[in-house]
Amino acid sequence: VMDVNTKKAGATVQNTMYGLFFEDINYAADGGLYGELVKNRSFEFPQSFMGWQTFGNVTLKNDGPFERCPHYVELGYAGHSERRTGLVNEGYFGIGVIEGEEYRFTVWAKAPKGTARIRVQLIDANTMGERQDFATAKLDVNGTEWKKYEVRIKSPRTDNKASLRIFLDGKNPVALEHISLFPVNTFKNRENGMRRDIAQALADMHPGVLRFPGGCIVEGECLDNRYQWKNTIGPVENRPLNRNRWEFTFEHRYYPDYFQSYGLGFFEFFQLSEDIGAEPLPVLNVGMACQYQNRNNEKAHVPVDELDPYIQDCLDLIEFANGDTTTTWGKKRAEMGHPAPFNLKFIAVGNEQWGDFYFVRMQKFVDAIRAKYPKIQIIGTSGPDSEGKNFDLGWEAMKRQKVDLVDEHFYRPESWFLTSGLRYEKYDRKGPKVFAGEYACHGKGKKWNHYETSLYEAAFMTDLERNADIVHMATYAPMLAHVEGWQWRPDLIWYDNVRLFKSVSYYVQQMYAMNKGTNVLTMTMDGQPIAGQEGQDGLFASSVIDKPSGTVIVKVINTSKQKQPVSINLSGIKGERKAETITLTCTDMMAENTLDEPEKIVPQEGSLNCEAGKKNTVINDEIAPMTFRIY
Ligand code: AHR
């Protein structure tokens, strides 16, 4: 028997409560969310033709029009009418095209002899049929100066693994730089936009906050490949390439051609946040490389007395987001097409850092941000939960520094999720608020992203909700993964080049985010406070009210292997009523959604009649084993 007191609305559930965390891991940016289909479009990879096959008379040059991406190619006559010059791009595990969709091919080009022509084709290089090309467009280049050219190609078929081929037509040479292919139909139809289906899946979660760009990406395995936001804004053609810190995690999944083009940079991040209705939450480097790789190596980090440029980067980012158009960085934002401020409210400094190395550096950031931007909320980090004593020391230090929120991470097994249902009851109410910035249930020795682990996440999340007075944000991690290019699992959304599927964990997150209410309601189970433990017959629960609509929302998770009768007393509500329900259930604990069966396990809507009990409305129900139900 559960009693929900609907008469007294408790702590506010923050709008930011359930959000998203984007990191360029698992080909989440290039090859994933970012719409670009061409790999190594500016020939800036260390091996200049990575991702390309060249034939005929192709010369690499490095005095191009973009100083930070100077390489380009010149295609010259192959020397015989029966020979050809050109290039083929392999994309990211192929180039995905969809039947009936248009693709925008753009290139910076010049014709040393005044005119030249290229042919641009979508091809299936492995076909047994007569033709490899299935879509072709011609493009004339006029003039000896660099100019941007565009031609559109419509695909007559869906192909997960097409390639892009460019032929030189005729004898006149042509120089080509920043060779790009985007779907015209990106999310919100932006030219430098996001892949529509993935971005839509993010929007459909109704996220309150979007953390970006990492994760370890922020730190780099050493400082030279840390994330530097200033390199990620301005014209995409001139954003320097960065080595992706996730090129290497495990040798058995090694991607030597994993780089960051920064086409999805900080401007695109702010814009995407706005487009999907999430508060942007940037994370910046605190002057330290990843501590996992550089334990106790002071030299891996920036000396404390040389931190100023890092702190300045942080202040400049706030100006880029919020400054008016007369400010240096606000002007750059306006030049990129967004004169209005992005209204940034939060900034995080450091990712999974701990110990004195972090504390001394963080204090300097806190002082500088407070002095210049007192209204911005600062998010520090406790380091990962698995760091034990360091984690507690981290929290103590963040309290002393009076940061607004602390970002804590936990990737833990089933047993942890089942026994941590009272985690936040114990947290100090006078200190900073909690941002559970990375978490996921990692099944021990089992499959990944399978139903059982997602159900335990749902159970644990009742604790986030009951403690909404102190837990202000929570974001599952990681968010995206390419099925052919991943380093880390489980993940929230998986895709190939033309399809995607949402994991069961995605649906759990979505069920919370779309039913978060505005205020916590207190509830008891069999007269006792919610224990959030196996002790209460494996039942976990929380409840909220949505004040504007007066809707009471109760979440119950049955983590036991038996069906259980539940009787929910809604004190303060009288008479017969109808309750809408959303149910996530499955009898196979190892089952998961896949590209071929993307909707194998999805929430089901229903309804049931509530009885007019002696005093209050009562929901009498029987909840199936291993089931998450929202009333
Ligand atoms: O989410 C994957 C990684 O896990 C993040 O980059 C890092 O913060 C954590 O260790």
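Refer to the structure presented above.
The notes below deal with the structure included here. Bear in mind that the values here come from a model prediction, so they are computed numbers and not experimental data.

Within the chain, the regular secondary structure consists of ten helices and 35 strands. For 631 residues, the compact-globule formula gives about 25 Å, and the C-alpha radius of gyration of the chain, at 27 Å, lands near that figure. In terms of overall dimensions, the chain has a C-alpha envelope of 95 × 60 × 45 Å along the principal axes. A burial count over the chain gives 48% of its 631 residues as buried. Across the chain, every contact between residues at least 6 apart in sequence was considered, and the portion connecting residues at least 24 apart equals 76%.

Time to look at the pairing of strand β2 (residues 18-21). Burial along β2 is two-sided: Y18 and L20 and G19 and F21, pointing in opposite directions, are all buried. Here two bridges tie β2 to strand β22 (residues 471-475), and the two strands are oriented parallel to one another. Pairing of G19 across the sheet is with T475, part of β22. Two elements, β2 and strand β14 (residues 209-212), share two bridges in a ladder whose sense is parallel. Note on β14: the bridge partner recorded for L20 is L210.

Attention shifts here to the site of the ligand. Every residue near the ligand is listed here: E23, I25, G214, G215, C216, N351, E352, H409, E438, A477, P478 and W488. By residue class, the composition of the shell around the ligand is five nonpolar, four polar and three charged.

A few words now on the sheet that holds strand β18 (residues 346-349). Taken in spatial order, the eight strands line up as β2-β14-β17-β18-β19-β20-β21-β22 and close into a barrel, and their pairing is parallel. Adjacent strand axes in the sheet meet at a mean angle of 25°, parallel and antiparallel pairs treated alike.

A few words now on the sheet that holds strand β13 (residues 174-183). A sheet is described by the order of its strands in space; here five strands give the open sequence β4-β5-β13-β8-β11, paired in antiparallel fashion. Edge positions in the sheet fall to β4 (57-61) and β11 (147-154), since each of these pairs with one other strand and no more. Sheet twist, expressed as the average angle between the axes of neighbouring strands with direction ignored, equals 35°. One ladder, built from seven bridges, connects strand β8 (residues 102-110) with β13; its direction is antiparallel. When the sheet's bridge partners are listed, R104 is paired in β13 with F182.

Within the fold, Q528 resides in strand β28 (residues 528-529). The spacing of Q528 and P207 is 321 residues in sequence and 33 Å in space, taken between C-alpha atoms.

About the thresholds
- Residues numbered from 1 in each chain as written.
- Predicted model: local features only at pLDDT ≥ 70, side-chain atom pairs only at ≥ 80, totals over all residues.
- Helix = DSSP H or I, 4+ residues; strand = E, 2+ residues; numbered from the N terminus.
- Rg over C-alpha atoms; globule rule 2.2 N^0.38 Å.
- Buried ≥ 20, exposed ≤ 12 C-beta atoms within 10 Å, placed from the backbone.
- Contact = placed C-beta atoms within 7 Å.
- Pairing = 2+ DSSP bridges.
- Near = placed C-beta within 6 Å.
- Nonpolar A, V, L, I, M, F, W, Y, C, P; charged D, E, K, R; others polar.
- Axes fitted to C-alpha atoms, helices over the stretch in contact; angles between N-to-C directions.

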